[in-house]
Amino acid sequence: MYSSYQLLLAVGMVITGSINTLSVKWADNLQAEGLDGKNRSFDHPFFQSLTMFFGEFLCLLFFKLAYRYHIKKQYPIEDSPIVKGNQQFNPFLFFVPAMFDMIATTLMYIGLTMTYASSFQMLRGAVIIFTAIFSKIFVHRQVSVRHWLGIFTIIIGLATVGISDFLSSGTSSISTYKVLIGDSLILFAQIITAAQMVYEEKYVVTNDIPPLQAVGWEGVFGFLMMSLLLIPFYYINVGPPLGNNSRGVIEDFPEAITQIMNNKWILIALIGNIISIAYFNFSGISVAKEISATTRMVLDSVRTFFIWTFSLAVGWQTFNPLQPVGFLLLLIGMCIYNNLLRAVPRRLRTVVHYPTDEPIIGGEP
């Protein structure tokens, strides 16, 4: 039986995990008057990426407060799953994964403006494929037959989701061209996310750094770098689909602020994303420690279902029978990969310690 605290963590993870995707998509769909006086969608993926990193930075503040509390109350640090770990490390160790996170998150947010929220969540399952490949090459991890079987099932599921998006785009306001680009960007971002995971496995996990602290430091570097990049992005003119603002530049920070001031619902959506990102990272790490990493994976799949059903309910997408099939295949593939299906032959269920079987350190967009 789970304790009340464990149930609270599990429910919180599903709710906040769903909110951090839905809030970004909600902001994308909201319209407000820009600097030129015209109403347009809040199409600011780089600004949204900035808010995501701020949410991760809050994890570091929470860690510092928790650490000071344990010191003040003279509680043993080693007994706390939140603060225990190595404190003697160079913070710049997180600069590289933060850059991976920044690029991947921004690409995914750009892709989310062009496709469906449910597809965004489902396509992120491709990270397992690339993590397996990179881990075999760079960390020399052995990948069992069970892992490859799970990966093959996931690939079929991803293809099914892609086909459903292609068919659904013909009956929605989103063009087939934009959906294909959006899905492709999200898939490409998973390659970068996989590189981030393998880097963290090789350099961060081995240093026994508290995961919440690691997420926070990545948030710090990601926030600082994205803040600096917004300056040149304000002067670089591009065509659609990136330049969907009054000046036609990569990112128009002043217009983003103007649109937020002109439509308070955008501000609410962004605050929802910041808070949900912070709590989701905390609850995800806590679930992995308090229950198991496989439970975290199952809960992550549950939030995909909630995102899909919510998107259908509010009319963000139309129902296509292929999408639940794709979702089911992705879920089965992840269960096979994480050794959760008892139907898998025993000889395929060899236990292999593997990065994606362990708590994920990187930020969660």
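Residues numbered from 1 in each chain as written. Predicted model: local features only at pLDDT ≥ 70, side-chain atom pairs only at ≥ 80, totals over all residues. Heavy atoms only, no water.

> I would appreciate a short explanation of the overall build of the chain in the present structure.
Per the secondary structure count, the chain includes 12 helices and two strands. N-terminal to C-terminal, the α/β element order of the chain is α-β-β-α-α-α-α-α-α-α-α-α-α-α. Evaluated residue by residue, the chain yields a buried proportion of 55% over its 365 residues. For the chain, long-range pairs separated by at least 24 residues make up 81% of all intrachain contacts whose partners lie at least 6 apart in sequence. With an accessible surface of roughly 16200 Å², the chain has 68% of that area assigned to carbon and sulfur atoms. (Helix = DSSP H or I, 4+ residues; strand = E, 2+ residues; numbered from the N terminus. Buried < 20%, exposed > 50% of the residue type's maximum accessible area, 1.4 Å probe, protein only. Contact = heavy atoms within 4.5 Å. Areas by Shrake-Rupley, 256 points an atom, 1.4 Å probe, with all protein chains shown as cover.)

> It is not clear to me how the pattern of salt bridges should be interpreted in this structure. Could you clarify?
Two side chains of opposite charge can pair, provided their charged atoms sit close to one another. The full count for this structure, using the stated rule, is two salt bridges. Close ionic contact of Arg40 with Asp36 constitutes a salt bridge, the shortest N to O distance being 3.0 Å. The buried category is assigned to Arg40, whose relative accessible area is 14%. Two residues, Arg40 and Glu255, come together in a salt bridge whose shortest N-O distance is 3.8 Å. Taken as a pair, Arg40 in strand β2 (residues 39–41) and Glu255 in helix α9 (residues 253–262) lie far apart in primary sequence, 215 residues in all. (Salt bridge = Lys/Arg side-chain N within 4 Å of Asp/Glu carboxyl O.)

> Would you take a moment to explain helix α12 (residues 322–337) for this structure?
Side chains that are three or four residues apart share a direction in an α-helix, a result of its 3.6 residues per turn. Relative to the 22 Å expected for 16 residues at 1.5 Å per residue, α12 spans 22 Å between its end C-alpha atoms, a close match to the ideal helical length. Looking one or two residues beyond α12, the residue adopting positive phi is Asn339, at roughly 60°. (Expected span 1.5 Å × (residues − 1).)

> Which parts of the structure should I look at to understand the UniProt feature "transmembrane region" (unreviewed entry) in the chain?
Residues given the UniProt feature "transmembrane region" (unreviewed entry) here are residues 7–26, 46–67, 88–110, 148–167, 179–199, 219–236, 265–285 and 322–340. This span, residues 7–26, is 100% helix and 0% strand, and a straight line between its end C-alpha atoms measures 28 Å. For the annotated span residues 179–199, helix accounts for 100% and strand for 0% of the residues, and the straight-line distance between the end C-alpha atoms is 31 Å. (UniProt positions renumbered as here; feature names shortened; annotations may be inferred.)

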